[in-house]
Amino acid sequence: MTDTRPPHGGTPTPTDGAPLISLTDLRLTLGRGAGAVDLVRGVSLDVPQGTTVAVVGESGSGKSLTALSMMGLLPPGVTVGGGDIVFDGTPVARLTEREWQPLRGRQLGMIFQDPLSALNPCIRVGDQIAEMFRLRAGLGRREARDRAVESMVEVGIPDAERRARSYPHEFSGGMRQRVMIAMALSLQPRLLIADEPTTALDVTVQAQIMRLLIARKQARGLTMILISHDLGVVSRSADSVVVMYAGRVVESGPSREVLTRPAHPYTVGLMRSVPDRRRPGAALEAIPGQPPDPRTVPSGCAFHPRCPMARDRCRTEVPALRPVGPARASACHFADEVVGGGANLPETNDASEVSGHV
Ligand code: SF4
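First, a word on scope: everything that follows refers to the structure included in this document. These numbers were taken from a predicted model, which means no experiment stands behind them.

Reading the values: rules and limits
Residue numbering note: each chain is counted from 1, following its sequence as written. The model is predicted, so local features are restricted to residues of pLDDT at least 70 and side-chain atom pairs to those at 80 or more, both for listing and for counting; the totals for chains, interfaces and linings are taken over all residues. By convention in this description, side-chain values take in all heavy atoms of the structure and omit both hydrogens and water. Strands here mean DSSP runs of E at least two residues long; helices mean DSSP runs of H or I at least four residues long; both are numbered from the N terminus. Areas reported here follow the Shrake-Rupley algorithm with a probe of radius 1.4 Å; residue values treat only the protein chains shown as occluding. We define a salt bridge as a contact between a side-chain nitrogen of Lys or Arg and a carboxyl oxygen of Asp or Glu at a distance within 4 Å. A 1.4 Å probe rolled over the protein chains alone gives each residue an accessible area, and that area as a share of the maximum for its type sets the label: buried under 20%, exposed over 50%, partly exposed in between. Of the grid points, spaced at 1 Å and generated over the protein atoms alone, those admitting a 1.4 Å probe that cannot get out make up cavities, while open sets with protein on both sides within 12 Å along at least five of seven lines make up pockets; any residue with an atom within 4 Å of a point is treated as lining. Grid points are joined across faces, edges and corners, and a volume is the space filled by probe spheres set on the points. Basically, the charged four are Asp, Glu, Lys and Arg, the nonpolar ten are Ala, Val, Leu, Ile, Met, Phe, Trp, Tyr, Cys and Pro, and anything else, Gly included, counts as polar. Pairing between strands is defined by DSSP: at least two bridges between the two strands are required. Lines are fitted to the C-alpha atoms to define the axes, a helix being fitted only along its stretch in contact, and any angle between axes, read from their N-to-C directions, falls within 0 to 180 degrees. When we say a residue is near a molecule or strand, we mean one of its heavy atoms is within 4 Å of it. Occupancy of a cavity or pocket is assigned to a molecule whenever over half of its atoms lie within 2 Å of that pocket's grid points.

### Describing the overall build of the chain
In step 1: Counting its regular elements, the chain contains 13 helices and twelve strands.
In step 2: Working note: accessible area of the chain is about 15400 Å², and carbon and sulfur atoms make up 50% of it.

### Overview of the pattern of salt bridges
In step 1: Scanning the model with the defined rule gives 16 salt bridges in all.
In step 2: With its nearest N and O atoms 3.6 Å apart, the salt bridge here joins Lys-63 to Glu-196. Here the residue Lys-63 occupies a position in helix α1 (residues 63-69), and Glu-196 occupies one in the loop between β7 (191-195) and α8 (203-220), the gap between them amounting to 133 residues. The same class applies to Lys-63 and to Glu-196, which are both buried.
In step 3: The salt bridge partner of Glu-97 is Arg-104, with a shortest N-O separation of 2.9 Å.
In step 4: A network of salt bridges, in which partner residues are shared, links Glu-154, Arg-216 and Arg-220.

### With respect to empty space enclosed by the protein
In step 1: In the structure shown here, the tally under the stated rule is four cavities of 30 Å³ or more.
In step 2: Here the largest cavity is characterised by a volume of approximately 90 Å³.
In step 3: As for the largest cavity, its lining consists of 14 residues, of which Cys-301, Cys-307, Cys-314, Cys-332 and His-333 are closest to the centre.
In step 4: Per-class residue counts for the lining of the largest cavity are eleven nonpolar, three polar and no charged.
In step 5: Of the voids in this model, the second largest cavity is the one considered here, and its volume is about 60 Å³.
In step 6: Taken together, Asp-38, Leu-39, Arg-41, Gly-60, Ala-246, Gly-247, Pro-292, Asp-293, Pro-294 and Val-297 form the lining of the second largest cavity.
In step 7: Looking at the lining of the second largest cavity residue by residue, the class counts come to five nonpolar, two polar and three charged.

### Section: the layout of surface pockets
In step 1: Considering only enclosed or pocket space, the largest pocket measures out at about 560 Å³ in volume.
In step 2: As for the largest pocket, its lining consists of 20 residues, of which Phe-112, Ala-118, Met-132, Arg-136 and Met-183 are closest to the centre.
In step 3: Elements represented by at least two residues in the lining of the largest pocket include exactly β6 (108-111), α4 (125-137) and α7 (173-185).
In step 4: Here the lining of the largest pocket is composed, by residue class, of 13 nonpolar, four polar and three charged.

### Some words on the sheet that holds strand β3 (residues 52-56)
In step 1: Strands sit in the order β6-β7-β8-β3-β9-β10-β12-β11 across an open sheet of eight strands; the sheet is mixed. Edge positions in the open sheet fall to β6 and β11 (322-325), since each of these has one partner strand only. Neighbouring strand axes in the sheet, compared pairwise and without regard to direction, differ in orientation by 25° on average.

### Considering the site of the ligand
In step 1: Contacts to the ligand come from 13 residues, most closely from Cys-301, Cys-307, Cys-314, Cys-332 and His-333.
In step 2: A majority-of-atoms criterion places the ligand in the largest cavity.
In step 3: Of the residues assigned to the shell around the ligand, the class counts are ten nonpolar, three polar and no charged.

### Topic: the sheet that holds strand β1 (residues 19-30)
In step 1: Overall, antiparallel pairing links the four strands, which are arranged β2-β1-β4-β5 in an open sheet. Sheet topology places β2 (37-48) and β5 (90-91) at the edges, where each strand pairs with a single neighbour.
In step 2: Here β1 pairs with β2 via nine bridges, running antiparallel. Bridging across to β2, Arg-27 finds its partner in Arg-41.

Next comes the structure, spelled out in structure tokens:
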């Protein structure tokens, strides 16, 4: 088993709250039999109550698939190939669709990257939110309608009574995402999973939506998992961060520490590839190459073909995720050199100054 937890147990976070959701050696597999491919390869993490854990990585790292598995929403053909997901003490990884339904909305809410595809284009927005209250909370038509409008007010949609009668295409991207947040929070879930909630929005609206999410999270004492490309957003909103590469966790720890003193060359590369406000106009340093195809993951450390520090050992020996300080872990053979600054890697940007997508 690949246990990504540090010695004290659980993904490192600044608090010691009990985990609301835990993943243990989770494998997510595409296909069956000889042709099966692991897309997520043994991820373990804990999300303590009331905290925000960010999961970052390039496209194809397995972060969004991991998020979907926590809602029982894996795409067709992808199954839980091993390990477990425990939500509030209950194993949920192998629930049937029927068993998942009472959990979604009431216990777990999800916000997707593209609200337009998540909303029904033919149904008025107010009716879509009201439907959540009618079907999942058993409210009558009138009361559900009133609660829908209240939810829209709560997420800052002006003139909510009138806008409730509009269709999704009549809203701007930012307002549509507010509608999604209203829907996701309507039944007061305990865990909110936000999968790239601001990626499709312009920069000003991104900031507004993140402020709204954080405000709602704090007002309701929610636990949040934030899947994001945006290290600036992560640095401002997450208590801890989990960095994924090629279906594995390669680094984890308190976000401020990970994003100021990363302990894995991949995290260093992510931080160098986003703009630094202190150096406007400076060239970005993209990580060379591409993430690997899950069918042909490189031997040893999967990052070795792209890593500026790779040595012979990296090509043959898979690095275990191991502690690199209090509440921190890294899956690099030479993590101590990276975090100690002796690895001759480019200097990283300050977490509070980076902004943008990796
Ligand atoms: S184990 Fe080797 S290849 Fe992998 S990140 Fe560390 S130095 Fe780079």
